[in-house]
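Residue-level structural notes
Residue strings, one per chain:
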Amino acid sequence: MAAPRSFVWSRRIFLTVLAAFVALPVFVMVSSSLKPLQDVTGEFRWIPSGLTIRPYFDIWETVPLADYFVNSLIVAGAATVCSVVIAVFAAYAVSRYTFRGKRVFTVTVLSTQMFPGILFLLPLFLIYVNIGNATGIALFGSRGGLILTYLTFSLPFSIWMLIGYFESVPRDLDEAATVDGCGPIGALFLVVVPAAIPGIVAVAVYAFMTAWGEVLFASVMTNETTRTLAVGLQGYSTQNDVYWNQIMAASLVVSIPVVAGFLLLQRYLVTGLTAGAVK
């Protein structure tokens, strides 16, 4: 049965307006990144009078953007791997076994998402400083400390989401693997994990995007050598001037890994989010 003609046109108009609403800021970013600084700070023009790719070369010289890029890749990558590995084991234990405190554990994991991250900023800062003073382990101002910080709010969500996805994997697969001689770990990696790839990919994308664009903790827990991209972009604003064209160019460059990863993994991401939401 064909949809009413009015509904079709209403949908087209709505999607067109939505697409324009989304594409407009992107167009302003792209056009501003291709303008000389005097054109960006002057009267705004929708169609640039002159184009230049110089800002895309200057962004690497104005601030040490390459170092910030490496820091973000290390921190976000390590936080993603740790979140996925720990969440897989924790979610498998919760979904397949019954133990005392199971419900309390799942409720506690989910309840951590109720609190804003700024509540944990000062306690984590004091903990890292005290650990450094007592043991000499430098967590404050280090990549390792920032990775642990990101785990505090990416890991609970990852565990909760994978619990729902593992619950959708039939337990008959575990029993079949046990009959074939696999133990619990073998059943996990040979049967459950391959069947739960979409959910694991969704968790990995979430953990990476959270760590890649986080600003609050990165601005406090890092120094000049461990600063990430989200904080390093502030370097384009000085006391004398703001390099708007370079900020726009750097923002586009910074977005490339996340956008490319999302486009490559969107099929798994949608499937994982849908399956995890059912439970």
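Just above, that's the structure.
So, here's what we can say about the structure. The shown structure was predicted, so the numbers you read here are calculated from the model rather than taken from an experiment. Residue numbering note: each chain is counted from 1, following its sequence as written. It should be noted that, the model being predicted, local features are given only for residues of pLDDT at least 70 and side-chain atom pairs only at 80 or more, the latter also being counted only at that level, while totals for whole chains, interfaces and linings use all residues. Think of the side-chain values as coming from all heavy atoms in the structure, minus any hydrogens and water.

So, on to the packing of helix α5 (residues 102-111) against helix α7 (residues 143-167). Angular values range over 0 to 180 degrees, each being the angle between N-to-C directions of two axes fitted as lines to C-alpha atoms, with helices fitted over their stretch in contact. Starting at the N terminus, helices and strands are each numbered in turn, a helix being any DSSP run of H or I of at least four residues and a strand any DSSP run of E of at least two. The interhelical angle for the contact between α5 and α7, taken along N-to-C directions, is 130°, at an axis separation of 8 Å. Between α5 and α7, the angle falls in the class oblique. In the crossing of α5 with α7, the sense of the turn from one axis to the other is left-handed. Contact with α5, carried on its side by Phe105, Thr106, Val109 and Leu110, involves Pro156, Ile159, Trp160 and Ile163 of α7 and no other residues of that element. For the contact of α5 with α7, the class distribution of residues is seven nonpolar, one polar and no charged. These descriptions rest on fixed angle ranges, namely under 35 degrees for roughly parallel, over 145 for roughly antiparallel, 65 to 115 for roughly perpendicular, and the rest for oblique. The sense of a crossing depends on the near helix, which, turned anticlockwise from the far helix by less than a right angle, makes the crossing left-handed and, turned clockwise, makes it right-handed. In this analysis, two residues are considered to be in contact whenever any of their non-hydrogen atoms come within 4.5 Å of each other. Nonpolar residues are Ala, Val, Leu, Ile, Met, Phe, Trp, Tyr, Cys and Pro. Charged residues are Asp, Glu, Lys and Arg, and all others, Gly as well, are polar.

Bringing the side chain of Ser142 into the picture now. Among the structural elements, Ser142 can be located in the loop between α6 (121-135) and α7. Accessibility expressed as a relative area gives 16% for Ser142, which makes it buried. In the analysis that follows, any N or O atom pair within 3.5 Å is treated as a polar contact, provided that within protein one partner can donate a hydrogen and the other can accept it, and provided that, for residues neighboring in sequence, both atoms belong to side chains. A distance of 2.8 Å separates a polar atom in the side chain of Ser142 from the backbone oxygen of Ala138. At 2.8 Å, the side chain of Ser142 forms a polar contact with the backbone oxygen of Leu139. In this scheme, a residue with accessible area under 20% of its type's maximum is buried, one over 50% is exposed, and one in between is partly exposed, where area comes from a 1.4 Å probe on protein chains only.

This part takes up the pattern of salt bridges. Salt-bridge detection follows one rule: a side-chain nitrogen of Lys or Arg within 4 Å of a carboxyl oxygen of Asp or Glu. Throughout the structure, instances matching the rule amount to three salt bridges. Residue Arg54 pairs with Asp58 through a salt bridge whose shortest N-O separation is 2.9 Å. One end of the pair is Arg54 and the other is Asp58, both in helix α3 (residues 54-62) and four residues apart, which spans about a single turn. Across the pair Glu224 and Arg227 runs a salt bridge whose closest N-O atoms are separated by 3.2 Å.

The biggest cluster of nonpolar side chains holds 30 residues, and the ones touching the most others in it are Ile59, Leu65, Tyr150, Trp212, Leu229 and Tyr236. Elements with a contribution of two residues or more to this core: α4 (65-96), α6, α7, α10 (197-213), α11 (216-221), α12 (229-232) and α13 (244-278). Excluding anything up to four places from it in sequence, Ile59 contacts Leu65, Tyr236, Gln246, Ala249, Ala250 and Val253. Counting 26 residues, the second-largest nonpolar core is a separate cluster that includes Tyr92, Val94, Tyr165 and Val169. The nonpolar core is taken to be a set of buried Ala, Val, Leu, Ile, Met, Phe, Trp, Tyr and Cys residues, with the residues joined through side-chain atoms within 4.5 Å.

With that settled, the discussion passes to a nonpolar patch on the surface. A grouping of Val81, Val85, Ile86, Phe89, Ile185, Phe189 and Leu190 is seen on the molecular surface, where their side chains present a nonpolar patch of about 640 Å² in accessible area. Going through the elements one at a time, α4 and α9 (184-195) are the ones with two or more residues in the nonpolar patch. The dominant element in the nonpolar patch, judged by the number of residues it contributes, is α4, at four residues. By the element assignment, Leu190 lies in helix α9. Leu190 gets classed as exposed once you look at its relative accessible area, which sits at 58%. Grouping into patches uses exposed residues only, defined as over 30% relative accessible area, and leaves out salt-bridged ones; the cut-off is 9 Å for like charges and 5 Å for nonpolar side chains (Val, Leu, Ile, Met, Phe, Trp, Tyr). Residue-level accessible areas treat just the shown protein chains as cover; the underlying method is Shrake-Rupley with a 1.4 Å probe.

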